Amino acid sequence: MSEMILQVKILPEPLLKLINTEKVKVRREHGEIRLIPIEAKVKKNNILPILGMYSDGKLTVENYLKQKRIDRELER
């Protein structure tokens with residue numbers, strides 16, 4: 001079995017009309033050649049959800065806990 005990734009725009013026009021993605025995986029297996037569309041992945045924020053309270057990453061868990069300690073000390 002062998003595989004490669006190709007840009008769809010280099011495929012012949014009849015195949016181009018059948019595939020709605022930008023890339024395809026070409027797989028050769030047991031004498032068959034298969035074109036498998038590759039869906040574009042949505043780019044996600046690189047910040048892990050467990051490391052921050054908000055998706056923009058401005059308030060991390062560490063900063064949140066630090067702020068809570070400061071608030072408790074001010075209340076005393």
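Note that this is a predicted model, so its numbers are computed, not measured.

J.: Can you help me understand the overall build of the protein chain in this one?
T.: Of regular secondary structure, the protein chain possesses two helices and three strands. The burial tally for the protein chain puts 9% of its 76 residues in the buried class. When contacts within the protein chain are restricted to residue pairs at least 6 apart in sequence, long-range pairs at least 24 apart make up 12% of them. Total accessible area on the protein chain is roughly 7,200 Å²; 55% of this is exposed by carbon and sulfur atoms.

J.: Where do I start with the nonpolar core in this structure?
T.: In a soluble, globular protein the nonpolar side chains are often hidden away together inside. Core analysis: the largest hydrophobic core is formed by five residues, namely Val8, Leu11, Ile19, Val24 and Val26. Excluding anything up to four places from it in sequence, Val26 contacts Ser2, Glu3, Met4, Leu6, Ile33, Arg34 and Leu35.

J.: Hey, could you run me through the pattern of salt bridges in this one?
T.: Close approach of charged atoms allows side chains of opposite charge to pair. For the structure on display, the rule yields two salt bridges. Here Arg27 and Glu3 are joined by a salt bridge, their closest N and O atoms 2.7 Å apart. Within this pair, whereas Arg27 is found in strand β2 (residues 23-29), its partner Glu3 is found in strand β1 (residues 2-7), the two being separated by 24 residues in sequence. Looking at Arg27, the relative accessible area reads 21%, which means it is partly exposed. As a salt-bridge pair, Arg34 and Glu32 come within 2.9 Å of each other at their nearest N and O atoms.

J.: Even after reading the chapter, I still don't get the sheet that holds β2, so can you show me in this structure?
T.: Whenever strands of a sheet pair, they do so through backbone hydrogen bonds, lying parallel or antiparallel. Taken together, three strands build an open sheet; the order of strands is β1-β2-β3 and the sheet is antiparallel. Edge positions in the open sheet fall to β1 and β3 (32-38), since each of these has one partner strand only. Mean inter-strand twist for the sheet, computed between neighbouring axes without regard to direction, equals 25°. Where β2 lies against β3, seven bridges are found, and the strand directions are antiparallel. Bridged to Arg28 within β3 is Ile33.

J.: What is the right way to read a positive patch on the surface from this model?
T.: On the surface, Lys66, Lys68, Arg69, Arg72 and Arg76 cluster together into a patch of positive charge. Structurally, Arg69 is set in helix α2 (residues 61-75).

Here is what the cut-offs are and how they apply
Residues numbered from 1 in each chain as written. Predicted model: local features only at pLDDT ≥ 70, side-chain atom pairs only at ≥ 80, totals over all residues. Heavy atoms only, no water. Helix = DSSP H or I, 4+ residues; strand = E, 2+ residues; numbered from the N terminus. Buried < 20%, exposed > 50% of the residue type's maximum accessible area, 1.4 Å probe, protein only. Contact = heavy atoms within 4.5 Å. Areas by Shrake-Rupley, 256 points an atom, 1.4 Å probe, with all protein chains shown as cover. Core = buried A, V, L, I, M, F, W, Y, C linked by side-chain atoms within 4.5 Å. Salt bridge = Lys/Arg side-chain N within 4 Å of Asp/Glu carboxyl O. Pairing = 2+ DSSP bridges. Axes fitted to C-alpha atoms, helices over the stretch in contact; angles between N-to-C directions. Patch = residues over 30% accessible without salt bridge, like charges linked within 9 Å, V, L, I, M, F, W, Y side chains within 5 Å. Lys, Arg positive; Asp, Glu negative; His and termini not counted. Charge placed at Lys NZ, Arg CZ, Asp CG, Glu CD.

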